[in-house]
Amino acid sequence: MNAWFGVLFDVPATSFGAASAGVGRADLPGYLIALAVGGLGAGLLLLTRGLAGYRRATRIGDISTSKVAGLAAGEVRVTGRIDAAELLLTSPLQSRPCVYYRATVDEDRGQERHRVLAEERAVGFRIRDASGEIRVFPRGARWAVPEVFDEHTGLMRDEPPGLELRTGSAIAPAVLDRDAAVAELLTVHGGNDPGQGDLLAAAGGFRGSLAGSGGLLAAGEWRARHYREARLEPGIAVTVVGMAIPFGQLPDPSGADALLDEFDPTAALGDPEIAADLAEARAAGTLETAPEEAWGNAAIPGFGIGRPTRSPELDPAAAPLPIATAAEAARAERTFEIDPETLILAAAPDVPLLVAAGAPDQAVTREQDRFLLGLLGAILAIGSAVVLAYSLTGGFGS
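We now turn to the structure provided with this report. (Residues numbered from 1 in each chain as written. Predicted model: local features only at pLDDT ≥ 70, side-chain atom pairs only at ≥ 80, totals over all residues. Heavy atoms only, no water.)

## A few points about the packing of aromatic side chains
Argument step 1. Using the criterion set out here, one finds three aromatic pairs in the structure.
Argument step 2. Between Tyr 100 and Trp 143 the ring centres are 4.0 Å apart and the planes differ by 10 degrees, which places this aromatic pair in the stacked class. Here Trp 143 lies in strand 8 (residues 142–144) and Tyr 100 lies in strand 4 (residues 100–109), a separation of 43 residues in the sequence.
Argument step 3. Using a relative accessible area of 0% as the deciding quantity, one classes Tyr 100 as buried.
Argument step 4. Owing to a relative accessible area of 12%, Trp 143 belongs among the buried residues under this scheme.
Argument step 5. The ring of Phe 137 is capped by Arg 135, whose NZ or CZ atom sits 4.7 Å from the centre of that ring. (Phe/Tyr/Trp six-rings, centres within 6.5 Å; stacked < 30°, edge-to-face > 60°. Helix = DSSP H or I, 4+ residues; strand = E, 2+ residues; numbered from the N terminus. Buried < 20%, exposed > 50% of the residue type's maximum accessible area, 1.4 Å probe, protein only. Lys NZ or Arg CZ within 6 Å of the ring centre and 35° of its normal.)

## Regarding the side chain of Thr 104
Argument step 1. Of note, Thr 104 is situated in strand 4.
Argument step 2. Thr 104 sits in the buried class, given a relative accessible area of 13%.

## Overview of unusual backbone geometry
Argument step 1. Although it is not a glycine, Ser 95 sits at a positive phi angle of roughly 55 degrees.
Argument step 2. As for its placement among the helices and strands, Ser 95 is situated in the loop between strand 2 (87–90) and strand 3 (97–98).

## Some points on the pairing of strand 2
Argument step 1. Relative to strand 10 (residues 171–173), strand 2 runs antiparallel, the two sharing three bridges. Looking across to strand 10, one finds that Leu 88 is bridged to Ala 172.
Argument step 2. Relative to strand 3, strand 2 runs antiparallel, the two sharing two bridges. Within strand 3, the residue paired with Thr 90 across the bridge is Pro 97. (Pairing = 2+ DSSP bridges.)

## Quick word on helix 3 (residues 30–61)
Argument step 1. Here helix 3 spans 46 Å end to end across 32 residues, near enough to the 46 Å set by a 1.5 Å rise per residue.
Argument step 2. When we look at burial in helix 3, the residues that qualify are Ala 36, Gly 39, Gly 43, Gly 50, Ala 52, Gly 53, Ala 57, Arg 59 and Ile 60.
Argument step 3. On its buried face, helix 3 sits against strand 1 (74–84), strand 12 (237–246), strand 14 (354–357) and helix 10 (360–393). (Expected span 1.5 Å × (residues − 1). Contact = heavy atoms within 4.5 Å.)

## Here we look at the sheet that holds strand 10
Argument step 1. Spatially, 3-2-10 is the arrangement adopted by the three strands of the open sheet, whose pairing is antiparallel. Looking at which strands have only one partner, the edges of the open sheet turn out to be strand 3 and strand 10.

## Observations regarding the environment of Arg 366
Argument step 1. Residue position: Arg 366 is located in helix 10.
Argument step 2. Under the relative-accessibility criterion, Arg 366 is labelled partly exposed at 22%.
Argument step 3. When the C-alpha atoms of Arg 366 and Arg 56 are compared, they prove to be 10.0 Å apart, with 310 residues separating the residues in sequence.
Argument step 4. For Arg 366, the contacting residues outside a window of four places in its chain are Ala 144, Pro 146, Ala 356 and Ala 357.

## Quick look at the pairing of strand 13 (residues 343–346)
Argument step 1. Relative to strand 13, strand 7 (residues 132–136) runs parallel, the two sharing two bridges. Bridged to Val 136 within strand 13 is Leu 345.
Argument step 2. Summarising the sheet, strand 12 and strand 13 pair through four bridges and their orientation is antiparallel. In the sheet register, Met 243 faces strand 13, and the bridge partner there is Ala 346.

## Side note on a nonpolar patch on the surface
Argument step 1. On the surface, Tyr 31, Leu 32 and Leu 35 cluster together into a nonpolar patch covering about 320 Å² of accessible area.
Argument step 2. Here Leu 32 falls in the partly exposed class, since its relative accessible area comes to 32%. (Patch = residues over 30% accessible without salt bridge, like charges linked within 9 Å, V, L, I, M, F, W, Y side chains within 5 Å. Areas by Shrake-Rupley, 256 points an atom, 1.4 Å probe, with all protein chains shown as cover. Salt bridge = Lys/Arg side-chain N within 4 Å of Asp/Glu carboxyl O.)

## Focus on the nonpolar core
One recurring pattern in soluble globular proteins is that nonpolar side chains are buried together.
Argument step 1. Ranked by size, the top nonpolar core spans 30 residues in total, and within it Val 78, Phe 125, Ile 127, Trp 143, Leu 232, Leu 345 and Val 355 carry the most contacts.
Argument step 2. When contributions to this core are tallied by element, the ones reaching two or more residues are strand 1, strand 2, strand 4, strand 6 (125–129), strand 7, strand 11 (225–232), strand 12 and strand 14.
Argument step 3. Among all residues touching Ile 127, those that are not within four sequence positions of it are Val 68, Val 78, Thr 79, Gly 80, Arg 81, Gly 132, Glu 133, Ile 134, Val 136, Val 238 and Val 240. (Core = buried A, V, L, I, M, F, W, Y, C linked by side-chain atoms within 4.5 Å.)

## Regarding the sheet that holds strand 11
Argument step 1. An order of 5-4-11-9 is seen for the four strands of this open sheet, with the pairing classed as antiparallel. Only two strands of the sheet have a single partner each, and these edge strands are strand 5 (112–122) and strand 9 (147–152). Sheet twist, expressed as the mean angle between neighbouring strand axes with direction ignored, is 10 degrees.
Argument step 2. Inspection of the sheet shows strand 4 paired to strand 5 by ten bridges, in the antiparallel sense. Bridge assignment links Arg 102 to a residue of strand 5, and that residue is Glu 120. (Axes fitted to C-alpha atoms, helices over the stretch in contact; angles between N-to-C directions.)

Everything listed here is a matter of geometry and, on its own, says nothing about what the molecule does.
Below, the structure is given as structure tokens:
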């Protein structure tokens, strides 16, 4: 190797060897070795993310956009605006209604950083373009959604502007009836008060859950936090690449309408004891087969979410519920009833569902930028590996 350097730079090989022979592992300061190890890890992480971005950009860019009204069964790309279906989520850090969110909170404790929150959820939604709308079932989806909130606590121990921690349920009906809407408008939602101490340890709702995950602080104690949240809200542009299939061919409509197993009502069927009980009930003929028989009033569209479309069976002492008007009934039927032949978007075993924020060109550009950053990460990893090799071998000439 020394001979090659001598040829390239017109330096005698013996001189180069003599110079390099005296350079050993001890000549590199420890902090440079630590930086090289960190650079290698960071570079490989950036490279991995960059390659994932390249795959997403390729997949989005290789398929042309189809109009909803002209869809045929198969892999398609659809772009349009998000419409809510039956339910909406409330994001944890900014309390915004959305159909998908990803939120993290990292906390610095001395020289260490701890993740005190990592939460990701989605519910089914619709995409509307100029020709019509189509329902999206997000089970198994891959999400290319940039962060819309990325803030730190301030130097004066103040919480960042825009932070509005969720205090109630994460799930809400997508369409409120008039009385519920009026009540929501008249409800005063308090903001974060820096003088209240540890906001995340406040009692109740999401704040209490953060405290339970390791965020509980002693009185007067303060730790720097990094808040990040990505989400998809109704009305924004989105691009979806996935399989268009008839709703009747969807294996599990209830489970496919959520991102995680915690929302899947059939997840417990994998328990051997529950499966045995169901088999016994099925053999005895006591297992209900129709939703109306199994769920009772819950099978009535609009019951519990708005106004029921027909009279439910109530206890005689209960107050009667107002029945939906014809317009409300039609809206409930559109919301809760899907014809088996209606095309929907979902994941297939060999075709994953990809949901990307923005129009196709925006999504592709964003993922290409991620790929370029990954190439820089590769350069960083190579440089760090060279420094580590130098330190471990005692120099390039040995």
